[in-house]
Each structure stands twice: as structure tokens, then as C-alpha cells.
Amino acid sequence: MDSNNTTPSDILQIQGFSISPQFTYPLAFLLLFVYILILLSNIGVIAVIAAEKSLHQPMYILFCNLSVNDLMGNTVLLPRLMVDIVSTERLITYNQCVAQAFYSHTFGSASHLILIIMAFDRYVAICHPLRYGSVMTTRTVVWLSTSAWGVSVLLVSILIGLTVRLARCRSVVQNAYCDNASLFKLSCDDVSLNNIYGLFFTVVLFTSSMFCITLTYFRIALVCWIRKSKELNNKALQTCTSHLVLYLIMLLTGFMTIILHRFPDYPDLRKIAYILFHVIPANLNPIIYAMQTRFLREKILQVFGRKVTPSS
């Protein structure tokens, strides 16, 4: 009997990766190492910014938002993935699967919205430096951050809510993790509404982030070209490069995941793309921003007891 057509229950089976036995534990330890790096780097950034009052500024508050988001997204994904890699059964309850899908999609949507806010912050700082203090106040950044999280939770709640209403006729999650598409594929009901809202959700999120960030960087580039200031160009290059690189990586891996869901002949490639969507930004965020931001870098080095000689 096909296990994918058995009577559904609250216990689901994760399809997972097809891994040779000799690679099972090396891969699990590699993911453990990556997860520990994510924990140490992001918690370290949050701790330094929280402890240092001079870092209680809009830009660093946004750094904290990214780090919290990365911690949430990878804590939901990686520990469970490591267990499933070394396990022979790969079982998960339906409620746990729904929770994983909810937090995973919240991570993705919040990443886009937080990066939009960061792009606006850089635009004001570079193009309107004299107004930066009055526009990007702590209260404004907190309100924008709260709005980003609120919109993400609302959109994802509707997305997952449309899925959990469906009756299930299958019990095998055809993925290495739980996401919305994998959940509604467990149903034999009409999923047209799920596909329509999922497409609407994706188009609105990706289009709005691409439009806002493209417009922002176009305005920044235009101002730099008009003013022809070497100092302004260096500031824009230093503060914007990391943001743009991270956004492009997230956009590329996100597109790969969405597109590959439509091509069932490449299941492992889709699973890898989704893991990279979580892992790469979470590892690069604290490293790139610490390297790009001298003040934050010096504070982190001081925490680890290294003597820092200020730049002349």
C-alpha cells in the first residue's frame, strides 16, 4: 500500500533527504556546527547592542531585528532537520508541522520587510543627513519594526489558516521540512483558494520589496552622482553594499524555492535552496554588518577582550 494514501492521522512522516548512510552523521554535525555559529554570532550582536547604550540607535535596532529573525527562523528549522537526518522514522505531529510552517514563513516575510526598512534608513542617512535625527527616531524605528512583524504575522496567519481548514487524506510530507505548500499537498480537497492567496502573498511581498529597494538605491545612486562627493560615495558604498548583497542572496534563494515547488522532479534541489535561504543570511548578517560598521566591530572586539586601536 502506498504510505502516502493511508488514513490520515495526527502523526506525519517527513520525506527528508535521500542520504547515503556514510554521510548521515557528517551532514548532521555540519548542520550542528552551522547552527552553533548562527547562535553565537547573532546572540553576540544582540548582547553587544543591548549592553552598549551608544549603540541604541535606529541602525543598530534594525540589526537586532534581523538577528532575532534569523535566530527564530533557524531554530525552527535546523534542530528538527538534524534529528530527521539521523532518524529512520522522521515523524512529526500535525500541530508541530503547522507551527514549523508558520514560523518559517514568518521568518521569510519579516526578512523582506525588515530589509525594506533598512533600505529606507540608509536612504535618509545618505540623502538627507541633516534630517536623519528627526526622521529616524527610536520611536519611529520601533513602530516600523513592530509594523513589519505585525504584517508578517497577519499575512502568514491567513496563509496557514487557509491550509489547516482542509481535510487531509495523506500523511507524508513530501519535503525535508514543513511549509505551507507541503501542508496543503496533504489534502485531496480543492486547493484553488490556497494557490490564489499563496500567489498573491508571494507577488505582493516580493514585488513590494524589489520595488522599494530598487527605488531607494536608485535615489541613493542619483544623489551620489549629482553631488560627486568622494566622502558621500564611500559612505554609500560602505553602508549599502552589505545590505544589497544580503537582499540579493535572500531573493535568489527565495525565488529558487518558489520555482522549484512547481518542478517536482527536483525535490532535493528545492530542499537545499530552502535551507540556504535560512542559513546563508543568518551567518552573513552579523559578520558583514560588524565588518562594515567600525563602531560595532570595535565594541564586539572589546567584549572579547581584544585591544582596539581607533582608526586615525
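For clarity, every value in this text was computed on a predicted model and none was experimentally measured.

**Some thoughts on the overall build of the protein chain**
Argument step 1. Tallying secondary structure elements over the protein chain gives 10 helices and 3 strands in all.
Argument step 2. Reading the protein chain from its N end, one meets helices and strands in the order β-α-α-β-α-α-α-β-α-α-α-α-α.
Argument step 3. For the protein chain, the residues scored as buried account for 47% of the 312 residues in total.
Argument step 4. The long-range fraction of contacts in the protein chain, counting pairs at least 24 apart against all pairs at least 6 apart in sequence, stands at 79%.
Argument step 5. Accessible surface, the protein chain: about 16000 Å² in total, of which carbon and sulfur atoms supply 68%.

**Here's the deal with the sheet that holds strand β2 (residues 91-93)**
Argument step 1. Strand order across the open sheet formed by 3 strands is β2-β1-β3, with mixed pairing between neighbours. Each edge of the open sheet is held by one strand with a lone partner, namely β2 and β3 (172-173).
Argument step 2. Here strand β1 (residues 11-14) pairs with β2 via 3 bridges, running antiparallel. Within β2, the position partnered with Gln13 by the bridge is Leu91.
Argument step 3. The strands touched by helix α3 (residues 94-127) within the sheet are β1, β2 and β3, with β2 carrying the most contacts at an inclination of about 85 degrees.

**Topic: helix α2 (residues 58-86)**
Since the α-helix packs 3.6 residues into each turn, any two residues three or four apart lie on the same face.
Argument step 1. Taking 1.5 Å of rise per residue, the 29 residues of α2 would be expected to cover 42 Å, and the 43 Å separating its terminal C-alpha atoms lies within 8% of that figure.
Argument step 2. Within α2, 21 of the 29 residues are buried, which leaves it mostly tucked inside the rest of the structure.

**A short note on the packing of aromatic side chains**
Argument step 1. Counted by the stated rule, this structure contains 4 aromatic pairs.
Argument step 2. Ring geometry for Phe102 against Tyr103: centres 5.4 Å apart, planes inclined by 80 degrees, an arrangement best described as edge-to-face.
Argument step 3. Note on Tyr103: relative accessible area 39%, which makes it partly exposed.
Argument step 4. With a centroid separation of 6.1 Å and an interplanar angle of 40 degrees, the aromatic rings of Tyr197 and Phe200 are classed as tilted. Here Tyr197 pairs with Phe200, and both are found in helix α7 (residues 192-227), just 3 residues apart, close to one helical turn.
Argument step 5. Taken together, the aromatic side chains of Tyr197, Phe200 and Phe201 make up a single cluster linked through ring pairs.

**Side note on α7**
Argument step 1. Here α7 is 36 residues long and its end C-alpha atoms lie 52 Å apart, about the 52 Å a rise of 1.5 Å per residue gives.
Argument step 2. Just downstream of α7, Lys228 is the residue with a positive phi angle, here 50 degrees.

**Points about the side chain of Thr106**
Argument step 1. The residue Thr106 is located in helix α3 in this model.
Argument step 2. Sequence-distant contacts of Thr106, defined by excluding residues within four places in its chain, comprise Asn69, Met72, Trp149, Ser152, Val153 and Val156.

**What about the UniProt feature "transmembrane region" (unreviewed entry) in the protein chain?**
Argument step 1. UniProt's feature table lists "transmembrane region" (unreviewed entry) at residues 27-50, 62-82, 102-120, 141-162, 196-218, 239-260 and 272-291, given in the numbering used throughout.
Argument step 2. Helix makes up 100% of residues 62-82 and strand 0%. Its end C-alpha atoms lie 30 Å apart.
Argument step 3. Summarising residues 102-120: 100% helix, 0% strand, and an end-to-end C-alpha distance of 27 Å.

Thresholds applied
Residues numbered from 1 in each chain as written. Predicted model: local features only at pLDDT ≥ 70, side-chain atom pairs only at ≥ 80, totals over all residues. Heavy atoms only, no water. Helix = DSSP H or I, 4+ residues; strand = E, 2+ residues; numbered from the N terminus. Buried < 20%, exposed > 50% of the residue type's maximum accessible area, 1.4 Å probe, protein only. Contact = heavy atoms within 4.5 Å. Areas by Shrake-Rupley, 256 points an atom, 1.4 Å probe, with all protein chains shown as cover. Pairing = 2+ DSSP bridges. Axes fitted to C-alpha atoms, helices over the stretch in contact; angles between N-to-C directions. Expected span 1.5 Å × (residues − 1). Phe/Tyr/Trp six-rings, centres within 6.5 Å; stacked < 30°, edge-to-face > 60°. UniProt positions renumbered as here; feature names shortened; annotations may be inferred.

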